[in-house]
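Report on the structure
So you can see what is in the structure, the chains are spelled out below.
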Amino acid sequence: MSRIGNAHIVVPAGVTVDFKDNVITVKGPKGTLTQSYDPIITPSIEGNVIIFKRANDLGPTKAKHGLYRALTANMIKGVTEGYKKSLQVNGVGWKVTKQGKKIVLNVGFSHPVEVEEVEGITLDCPGQTEITVSGIDKEKVGQFAAMIRGIREPEPYHGYGIKYSDEVIARKVGKAAGGKG
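Here's what I pulled together on the structure shown here. Keep in mind the model is a prediction, meaning the values are calculated, not measured.

Quick look at the pairing of strand β8 (residues 95–99) now. Regular strands have side chains that alternate between both faces of the sheet. The pairing of β8 with strand β9 (residues 102–106) spans five bridges and is antiparallel. Looking across to β9, one finds that valine 96 is bridged to leucine 105. Hairpin remark: β8 followed by β9, antiparallel, with two residues in the connecting loop; positive phi at glycine 100, about 65°.

Note: strand β2 (residues 16–20) against strand β3 (residues 23–28), five bridges, orientation antiparallel. When the bridges of β3 are listed, aspartate 18 appears paired with threonine 25. Hairpin connection from β2 to β3: two residues lie between these consecutive antiparallel strands, with aspartate 21 at a positive phi of about 55°. One ladder, built from six bridges, connects β3 with strand β4 (residues 31–36); its direction is antiparallel. Each residue of the ladder has a partner; that of lysine 27, found in β4, is threonine 32. Adjacent in sequence and paired antiparallel, β3 and β4 are bridged by two residues.

Here we have three strands laid out as an open sheet, ordered β8-β9-β10, and antiparallel in their pairing. At either margin of the open sheet sits one strand with a lone partner, and together these are β8 and β10 (113–116). Averaged over all pairs of adjacent strands, the angle between their axes in this sheet comes to 25°, without regard to strand direction. The pairing of β9 with β10 spans four bridges and is antiparallel. Looking across to β10, one finds that lysine 102 is bridged to glutamate 116. Packing against the sheet, helix α3 (residues 138–151) makes contact with β9 and β10, and its axis sits at approximately 175° to β10.

The volume enclosed by the largest pocket comes to roughly 200 Å³. Every residue along the wall of the largest pocket is listed here: Leu33, Thr34, Gln35, Leu71, Asn74, Met75, Ile136, Asp137, Lys138 and Glu139. Within the residue set of the lining of the largest pocket, elements represented by two or more residues are β4, α2 (59–80) and α3. Across the lining of the largest pocket, the residue classes break down as four nonpolar, three polar and three charged.

Rules and cut-offs
- Position numbers for residues start from 1 in each chain and track the written sequence from start to end.
- It should be noted that, the model being predicted, local features are given only for residues of pLDDT at least 70 and side-chain atom pairs only at 80 or more, the latter also being counted only at that level, while totals for whole chains, interfaces and linings use all residues.
- Side-chain numbers here rest on the full set of heavy atoms in the structure, without hydrogens or water.
- For two strands to be treated as a pair, DSSP must find at least two bridges joining them.
- Helix and strand assignments come from DSSP, with helices taken as H or I runs of at least 4 residues and strands as E runs of at least 2, each series counted from the N terminus.
- To obtain each axis, a line is fitted to C-alpha atoms, and for helices this fit is confined to the stretch in contact; angles are then taken between N-to-C directions over 0 to 180 degrees.
- Residue contacts follow a heavy-atom distance rule, with two residues in contact if any of their heavy atoms lie within 4.5 Å.
- Definitions used for this entry: grid spacing 1 Å over protein atoms alone; cavity, a set of points where a 1.4 Å probe fits but cannot get out; pocket, an open set with protein on both sides within 12 Å along at least 5 of 7 lines; lining residue, one with an atom within 4 Å of a point.
- Grid points are joined across faces, edges and corners, and a volume is the space filled by probe spheres set on the points.
- Charged residues are taken to be Asp, Glu, Lys and Arg, nonpolar residues to be Ala, Val, Leu, Ile, Met, Phe, Trp, Tyr, Cys and Pro, and polar residues to be all remaining types, Gly included.

Rendered as structure tokens:
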């Protein structure tokens, strides 16, 4: 039995959820999100509670049961609260600036790296070494933050790089000075 799939989702005030042609549509104060789903899973709304039922108890069906329930819950949270990922830039002389709808990263390359906002994603620089990626789609926010982190991944010896603000970099010891004489 899928514990996640059997959990009910309470729809907050101001949010509308619609199931039509195997597509879930969630509308809220921050925007609209859609997600297609497998017809083997049957969503229904009873009052302000969404319930997901599955056709059988096979393994793949159970997995989809929990998946579509979690995706719908994430969509509801996205259109009401939104999602945010924070990144930090660590390096001597490294900094980030916002110019219009793009951020410019000076992260140790011979040239600055420019990252442009895409639809549904908002970039912000609260400080010279901080980047905030926000939006209503959890998957897009996470993917865009990972793309920015991939520009200069943190390295384990000095800790230089772009990392998530809650990420802990496992530091390694460098070469020992001297040797056998």
